[in-house]
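So you can see what is in the structure, the chains are spelled out below.
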Amino acid sequence: MGARLDLFSAASAEGAWTVGEVTKRARAVIEAGLPPLWVRGEIAGFKAWRSGHWYFSLRDKSAQLRCVMFAKQNFMLPPPSDGMQVFVFARPSMYEEKGEFQLTVMELLSTDQGGLWKLAFEKAKAALIKDGLLDPARKRRLPPFPRRIAVVTSPDGAALRDIQAVIGRRWPLAELIVVPAQVQGAKAEASVCSALNRISRLSVDVVVVARGGGSVEDLWAFNSERVARAVAAMPMPVISAIGHETDVTLCDLVADLRAATPSAAAEAATPDRLEVLAQCGIVGQRLARALRIASRHVVERLDRTGDRLVRSMETRLEKSGALLTAHSARLDALSPLRVLARGYAVARDEQGRILKQVAQLPVGLEFRLRVTDGEVQARVEAK
Amino acid sequence: MAEFSKQLERLEAIVRRLESEDLDLDEALKLFEEGVERLRVAREQLSQAELKVKKVLEIESPS
C-alpha cells in the first residue's frame with residue numbers, strides 16, 4: 001500500500017491534490033478496505049434531527065466514531081440514549097463535506113435494560129405516570145347501552161371483521177363507525193392519532209382501538225407516547241385491544257379498558273341483547289305485579305268504603321225497623337179490627353156509609369153489620 | 001330511535017313508582033299502559049335491529 005501511495009513524489013505545486021480529491025480517494029479506500037461490520041460501543045452525543053436522521057458517537061475507553069443513522073433506517077426504532085451500550089451494523093465511510101470518518105448505521109441493537117424497545121417503553125411510561133395518565137382513578141365506566149361505537153383499526157384486517165360480527169350479534173341497536181387507520185409502518189403513529197382526533201369531535205359513546213398480533217416493531221405505533229396521549233385525551237371511554245394477550249402496549253395501559261382480543265373488546269363494549277330481552281321480561285313481570293298490587297290497594301280501599309256504607313245502612317235500617325215496630329204497634333192498637341175484636345160491631349148501609357146515629361136507622365132499613373170475623377145482613381125491626 | 005338507556009331508565013322509574021306508591025287506580029293504569037308500551041318498543045328494537053356500519057374516511061392530520 002505504502003509503495004503505491006508515494007505521496008511525496010506527487011507533492012509538487014502543480015500536482016497538489018485538492019481537498020475534494022483527497023476525501024473522495026479516502027472514501028474509496030475506506031469503503032473498499034472496510035466492508036460493513038458490526039461495532040459495539042457506548043452512545044454519546046445523541047441527537048435526532050427534524051429530518052428524522054440521527055447523529056451520535058460510538059465510543060469506548062480509548063476512541064470514538066462519528067455515526068449517522070438515516071430516517072429510512074431508524075423510523076421503526078425508539079431513539080437510544082447517551083450512555084447506552086449498543087451494537088450497530090454499519091458501513092464505514094467518509095463524510096466528504098466535513099472530512100470526517102463516519103459510520104453509516106443500518107441496524108442498531110441494544111441489550112441494555114432489556115433493549116431499546118423496553119427502554120423507550122419505560123421512558124414513555126414514566127412520562128405518562130408523571131402526568132397521572134395511568135392513574136386507575138382515570139378509568140371511566142363504559143356506557144351500558146352504547147348508541148354509537150367507533151372503531152380505529154385497519155379497514156381490511158381480521159380485527160374489524162371480528163368486531164363487526166360480535167357487535168352485530170350482541171348489540172345491533174348500535175351504529176358502528178369505522179375510522180380506518182394504518183396500524184403498522186412509518187405512518188401508523190400519525191394515522192392512529194388523526195383517527196382518534198377525528199372521533200373526538202363526533203358524538204360517539206365508546207371507542208375501540210384494535211390491532212391483531214404482530215412483532216414488537218409492528219405494534220410500535222401503539223407504544224408511542226403520542227398515541228398514548230391521544231388515547232388519554234379522548235372525551236369518551238376507550239377500549240384497547242392491541243396484539244396478543246401477552247403484549248401490553250402503552251395504548252392498552254392508558255385506555256379505560258384493555259381487552260385481550262378485538263372480539264373481547266367488542267364484547268366489553270356492548271351488552272348482550274338476549275340478556276337485555278330477558279331483563280325486559282322481568283321488568284314486564286314487575287309491571288304486571290305492581291299493577292296488581294296497586295289495584296288491590298284500590299280494591300281494598302273500595303271494600304273498606306263499601307263495608308262502611310253497608311254498616312251505616314244497616315244501622316239506619318235497624319233504627320227504622322225499631323221505629324216501624326213501634327209504629328205498627330200503635331197502628332195495630334188503633335186498628336178497627338182490634339176494636340171489633342173487643343166485641344164492637346160496625347153498621348153500614350148499602351153504600352158502605354157507617355151508620356152512627358139513630359136517625360140514620362129508620363124502621364125497616366136493611367143494612368150490613370160487620371163483626372170481628374165477618375158480616376151479616378140486618379134489618380131495623382123497631383125503634 | 002329513542003335512546004335505549006333512557007327507555008330502560010323510564011321503565012325502571014315506572015315500575016318503582018307503581019311498586020312503592022299508593023296510587024289512584026287511574027294513575028296506576030296510566031303508568032302501566034306507558035310501561036307496557038315502552039316495553040313493547042324496547043323488545044321490538046332488541047329483536048329487529050340490524051347493525052348499521054358507517055365508514056369515516058381518515059383525513060390526514062395537518063401536522
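Structure: see above.
Here the structure is a predicted model, which means the values were calculated and not measured.

Draft legend 1. Geometry of the interface of chain B and chain A. The partner chain A presents 37 residues to the 31 residues of chain B that form the contact. Ranked by residues supplied to the side of chain B that touches chain A, first place goes to helix H2 (residues 25–48) of chain B with 10 residues. Considering only residue class, the side of chain B that touches chain A consists of 17 nonpolar, four polar and 10 charged. Taken together, the four bridges between strand E7 (residues 175–180) of chain A and strand E1 (residues 52–55) of chain B define a ladder with parallel strand orientation. When the bridges of E1(B) are listed, A:Val178 appears paired with B:Lys55.

Draft legend 2. Region of interest: the nonpolar core. Residue and element names in this part refer to chain A. Ranked by size, the top nonpolar core spans 76 residues in total, and within it Val 151, Val 207, Val 208 and Val 231 carry the most contacts. Two domains each donate at least three residues to this core, and these are domain 2 (120–271) and domain 3 (272–333). Setting aside residues up to four positions removed in sequence, Val 231 forms contacts with Leu 196, Val 209, Val 238, Ser 240, Cys 251, Val 254 and Ala 255. Membership of the second largest hydrophobic core comes to 13 residues, among which are Phe 56, Leu 58, Val 86 and Leu 108.

Draft legend 3. Region of interest: the pairing of strand E1 (residues 37–48) of chain A. Residues and elements named next belong to chain A. Sheet topology places E1 next to strand E4 (residues 85–95); six bridges connect them, and they run antiparallel. From the neighbouring strand, Glu 42 faces E4, where its bridge partner is Gln 85. Across five bridges, E1 lies against strand E2 (residues 54–59) in antiparallel orientation. Bridge assignment links Lys 47 to a residue of E2, and that residue is Tyr 55. The antiparallel pairing of E1 with E2 creates a hairpin that spans five residues between the two strands, and Gly 52 there sits at a positive phi of about 100°.

Draft legend 4. Here's a closer look at the sheet that holds strand E10 (residues 257–258) of chain A. Taken in spatial order, the six strands line up as E10(A)-E9(A)-E8(A)-E6(A)-E7(A)-E1(B) in an open sheet, and their pairing is parallel. Only two strands of the sheet have a single partner each, and these edge strands are E10 of chain A together with E1 of chain B. Here four bridges tie strand E6 (residues 148–153) of chain A to strand E8 (residues 206–211) of chain A, and the two strands are oriented parallel to one another. Residue A:Ile149 lies in a different strand from E8(A), and its bridge partner there is A:Val206. Strand contacts of helix H4 (residues 158–170) of chain A: E6, E7 and E8 of chain A together with E1 of chain B, with the helix running at about 165° to E6(A), the strand carrying the most contacts.

Reading the values: the criteria
Residues numbered from 1 in each chain as written. Chains lettered and ligands numbered in written order. Predicted model: local features only at pLDDT ≥ 70, side-chain atom pairs only at ≥ 80, totals over all residues. Contact = placed C-beta atoms within 7 Å. Helix = DSSP H or I, 4+ residues; strand = E, 2+ residues; numbered from the N terminus. Nonpolar A, V, L, I, M, F, W, Y, C, P; charged D, E, K, R; others polar. Pairing = 2+ DSSP bridges. Core = buried A, V, L, I, M, F, W, Y, C linked by C-beta atoms within 7 Å. Buried ≥ 20, exposed ≤ 12 C-beta atoms within 10 Å, placed from the backbone. Domains from an automatic or database assignment. Axes fitted to C-alpha atoms, helices over the stretch in contact; angles between N-to-C directions.

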